[in-house]
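Analysis of the macromolecular model
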Amino acid sequence: MVCGSKKKSYLKSQNLKIFGQGKLNGIVQISGAKNSALVLLTASLLTNERIILENVPRLTDIEKMRNILENLGVNLIDKNNKLEIDSKNISIKELPYELVNGLRASFFCIGAILTKFGEAKVPLPGGCDIGSRPIDEHINGLEALGAEIIIEEGIVKAKIKRKKNKLHGTHIKLNFPSVGATETLIMAASLAEGRTIIENAAREPEIQDLCQMLNKMGARIYDAGKEKIIIDGVNKLGGCTHKVIPDRIEAGTFLIAAAATSSSITISPVIPHHLEAVINKLQESGSKINIKGNSITIIGKEIKGVDIYTAPFPGFPTDLQAPFTALMTIAKGESKITETIFENRMNHINLLKKMGASIKLNKNIAYIKGVQTIKGMDLVGSDLRSSAALIIAGIIAEGISKIYGLDHLDRGYENFESKLEKLGIKISREFNHKTFGGKSYKIETKSEEMSKFRAA
Ligand code: EPZ
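Residues numbered from 1 in each chain as written. Predicted model: local features only at pLDDT ≥ 70, side-chain atom pairs only at ≥ 80, totals over all residues. Heavy atoms only, no water.

Across its full length, the chain carries 15 helices and 26 strands. Against the globule reference of 23 Å for 456 residues, the chain gives a C-alpha radius of gyration of 22 Å, in line with a compact fold. In terms of overall dimensions, the chain has C-alpha extents of about 65 × 55 × 40 Å along its principal axes. Across the 456 residues that make up the chain, the buried fraction comes to 57%. Contacts spanning at least 24 positions in sequence make up 72% of the contacts within the chain whose residues lie at least 6 apart. Counting only carbon and sulfur atoms, one obtains 49% of the accessible surface of the chain, whose full area is about 18,500 Å². Taking the average place of the 63 positive charges on the side chains of the chain and the average place of its 49 negative ones, the gap between the two points comes to 2 Å. (Helix = DSSP H or I, 4+ residues; strand = E, 2+ residues; numbered from the N terminus. Rg over C-alpha atoms; globule rule 2.2 N^0.38 Å. Buried < 20%, exposed > 50% of the residue type's maximum accessible area, 1.4 Å probe, protein only. Contact = heavy atoms within 4.5 Å. Areas by Shrake-Rupley, 256 points an atom, 1.4 Å probe, with all protein chains shown as cover. Lys, Arg positive; Asp, Glu negative; His and termini not counted. Charge placed at Lys NZ, Arg CZ, Asp CG, Glu CD.)

Encoded structure:
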């Protein structure tokens, strides 16, 4: 019996088979940050000159964003984790629905395309499993910068009004420090006329990475990472070479997996202050953590229950709430997990309860009583980070677990199971040979075949 499954997805997706009660040991290489690479790819639309992006993770979300850019006429040369991007021949200012629908981050293109070409048409990004994902902060900010925006048949149509060919700088105060809205507006303001101030801006490291690259391209952006960002628009942006920052969420996921198995591992490269809130909570719950340059070593000890409350950076990241919840299921004592960023990001709770965790859920607050152990079983992840949480639970659990819904996982974790395998976990990816509605699926046994099956 598979829990959390919509029967169809169980039958036709790959799964990870995990032998529980594993231990991690060794060093794990952290990939480039998905949520930085995605917006940096968008920012490449702002120049006619060549952008070279290094340390780009190989993920399905990145492949989707590449498809969207290529559809606009961008030329991309893929040199493994390095991308050469040439946007001088962009011909289309409209993003196709079928490509945008699967990747919310593609909506952030609207600011870059509008400010560079004077108009942009981008389909409304759908909601997803974790929430409705509105875009009002993006729209309000672009209108404040001088855009005329109408939404027709699900398409956001934006153009620069008053027949001017540039947006104009202005003072914007966000109601919520939205990461995406801050990124959209920084890109739009980078080529606007005059100064833009964004108050209550998001402070995430990915915003700082974006501003660093834009400034290399000739932008004039000050105080990225603070609540008030200043952008003095320029006439033109040039090319540059930029290395994507390490993925703090992947790094945090591995630290949590080590804490959950009382293991000792080293993760590198990381930027330690990007993980401060997570490190503090892991130390509070009993793990020992040593920081040395761009490496972090965790020595997992007996874990005790601690409370977490997700918040915009530098608070505890919502993207690590589900993995940390998995850790708390076997902590000594009680813990309280409060999700404040997304309205529906507790889908993993019921699945952890089926494995034997003792959790009471009241809206977005989970009250956990640690148990001795949980039981392995077949489960389906419903979003990127809940899938990671289920894998951590499978590593903790007694017995074997099979985790389905890997299309979510492959969006945000590069070679996740091979990294875990190298750390000593017995885990493998299985491609199910199932006839389903008369259609049969290929049998592939080894994970090295996986790349052939990655979503386009
Ligand atoms: C980014 O999403 C990340 N995605 C998310 O990572 C991350 O969870 C989130 O920031 C918060 O840190 C990318 O960078 C591609 P938000 P984003 O706008 O920009 C409300 C992952 O797992 N809001 O900061 O969409 C919204 O409803 C993904 O890697 C508005 O009300 O997040 C939510 O409650 C998941 N109006 C809150 O703000 C708006 O116009 C945070 O959203 C925009 C957002």
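This is not the end of the story, as more comes after the structure.
A few words on the sheet that holds strand S9 (residues 155-160). Think of a sheet as strands paired side by side through backbone hydrogen bonds, with each pair either parallel or antiparallel. Here three strands make up an open sheet; going across it, the order is S7-S9-S8 and the pairing antiparallel. Only two strands of the sheet have a single neighbouring strand rather than two, namely strand S7 (119-123) and strand S8 (147-152). For this sheet the average axis-to-axis angle between neighbouring strands, irrespective of direction, equals 15 degrees. Summarising the sheet, S7 and S9 pair through five bridges and their orientation is antiparallel. Bridging from a neighbouring strand, Val 122 pairs with Val 156 of S9. Against the sheet, helix H6 (residues 136-144) contacts S8 and S9, and its axis sits at roughly 145 degrees relative to S8. (Pairing = 2+ DSSP bridges. Axes fitted to C-alpha atoms, helices over the stretch in contact; angles between N-to-C directions.)

Grouped together as the largest cluster of nonpolar side chains are 73 residues, with contacts concentrated most on Leu 53, Ile 186 and Leu 214. A per-element tally of this core places helix H2 (residues 34-43) first, with six residues. Among residues more than four places away in sequence, those in contact with Leu 53 are Ala 37, Leu 40, Leu 41, Asn 81, Lys 82, Leu 83, Ile 85, Met 213, His 242 and Val 244. (Core = buried A, V, L, I, M, F, W, Y, C linked by side-chain atoms within 4.5 Å.)

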